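Here are the chains, one letter per residue:
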Amino acid sequence: MPASYSRNLKKIETAINYTFKNQALLLEALTHSSYSNEHPEEAAPYNERLEFLGDAVLGLSVVEELFKAEQRLTESEMAKLKAFLVSKTVLSDLAREINLGASLRLGKGEEASGGRDKDNILADALEALFGAVFLDSDYTTVKKLIISLMGNILTETIRTRQSHDYKTDLQELTQQRYGCLPEYRIVKEEGKEHKKTFTIEVLINGEPLGTGKGRSKKEAQMNAARKALQFLRSQTAEKPFYKKQTSN
């Protein structure tokens, strides 16, 4: 294994505060099927099996926290909150926070198409990482890691009992009211590489309706969408900010 890639593995271990006894598990967790298919001579195992295991471990860890919450949650509330917390939107953002994409092994096609920042690839790799830690240690260790990574989003989701995908909500609302989709535009990028803060503006038919900040583009978009939703929902039917275009 090239020394440069070994340094990438060490960066991931540092980011999650866990050192693998079996480095092969970490390597497998970071290997996408596209890489394995393009390097048959290596017979490199890819991360789908670990992803399947990690998904189960993640689900159990989250449900256990929801079940033990001081605010006694009903079965339907737990199901709704769990679905949000293990969603690709949440997991891909967590993966970006530890810069997981930079350490993935991808095929040339996925590399060229921006695979290192694709939500599904990042979310799957993070689940695979959870599966790898579980096999390398035990459930208690991997659950501690999961809870640590989730941090505030887990605490706030339990406290508020809310699990909103504001981007999806905004998209549905604007399609229904105005027959158009939101457009997101980066206003500012601040900070060092891998520790940036993004400011993003959301526009509807060219009209800016909300601005949000975040440690990832996805988080900033979500915050911008939330503010736009608040504004749109405050508008009365008699005085909409924008009238839907109709064809003659």
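Refer to the preceding data block for the structure.
Residues numbered from 1 in each chain as written. Predicted model: local features only at pLDDT ≥ 70, side-chain atom pairs only at ≥ 80, totals over all residues. Heavy atoms only, no water.

Another point: the packing of aromatic side chains. In this structure the tally under the stated criterion is one aromatic pair. Geometrically, the ring pair formed by Y18 and F20 is edge-to-face, given 5.1 Å between the ring centres and 90° between the ring planes. Given a relative accessible area of 12%, Y18 falls into the buried group. Taking NZ or CZ as reference, K167 lies 5.1 Å from the ring centre of Y184, over its face. (Phe/Tyr/Trp six-rings, centres within 6.5 Å; stacked < 30°, edge-to-face > 60°. Buried < 20%, exposed > 50% of the residue type's maximum accessible area, 1.4 Å probe, protein only. Lys NZ or Arg CZ within 6 Å of the ring centre and 35° of its normal.)

In the structure shown here, the tally under the stated rule is 15 salt bridges. With a shortest N-O distance of 3.9 Å, K68 and E64 are connected by a salt bridge. Of this pair, K68 and E64 both sit in helix α4 (residues 48–68), four residues apart, which is roughly one turn of that helix. Sharing partners across several salt bridges, the network here consists of E64, E65, K68 and K143. (Salt bridge = Lys/Arg side-chain N within 4 Å of Asp/Glu carboxyl O. Helix = DSSP H or I, 4+ residues; strand = E, 2+ residues; numbered from the N terminus.)

Moving on, we get to the nonpolar core. If you look at the biggest cluster of nonpolar residues, it comprises 47 residues, and the most contacted ones within it are F20, L100, L126 and L129. Contributions of two or more residues to this core are made by α1 (3–16), α2 (23–29), α4, α5 (75–85), α6 (88–97), α8 (119–136) and α9 (139–160). By residue number, the principal contributor to this core is α8, which donates ten residues. Ignoring sequence-local partners within four residues, the contact set of L129 consists of I12, I16, F20, L26, A29, I98 and L100. Core analysis: the second largest hydrophobic core is formed by twelve residues, C180, L209, A225 and A228 among them. (Core = buried A, V, L, I, M, F, W, Y, C linked by side-chain atoms within 4.5 Å. Contact = heavy atoms within 4.5 Å.)

Axes are the key here: two packed helices are described by the angle between their axes and the distance separating the axes. Close contact between α4 and α8 brings their axes to 6 Å; oriented N to C, the two are set at 80°. Our classification of the angle between α4 and α8 gives roughly perpendicular. From α4, L50, E51, L53, G54, D55, V57 and L58 reach across to α8, where they touch D124, E127, A128, F130, G131, A132, F134 and L135. (Axes fitted to C-alpha atoms, helices over the stretch in contact; angles between N-to-C directions. Parallel < 35°, antiparallel > 145°, perpendicular 65-115°, else oblique.)

Our focus in this paragraph is α4. With 21 residues, α4 extends 30 Å from end C-alpha to end C-alpha; this agrees with the ideal 30 Å at 1.5 Å per step. By the burial criterion, the buried members of α4 are L50, E51, G54, V57, L58, G59, S61, V62 and L66. Those residues of α4 hidden inside the fold are in contact with α2, α5, α6, α8 and α9. (Expected span 1.5 Å × (residues − 1).)

Backbone hydrogen bonds hold the strands of a sheet together, and the pairing may be parallel or antiparallel. The strand order across the open sheet formed by three strands is β1-β2-β3, and the pairing between neighbours is antiparallel. In the strand order of this sheet, the two ends are held by β1 (183–190) and β3 (207–214), each with one partner. This sheet shows a mean twist of 20° between the axes of neighbouring strands, independent of strand direction. In this structure, β1 lies alongside strand β2 (residues 197–204), joined through seven bridges in antiparallel fashion. Within β2, the position partnered with E189 by the bridge is F198. (Pairing = 2+ DSSP bridges.)

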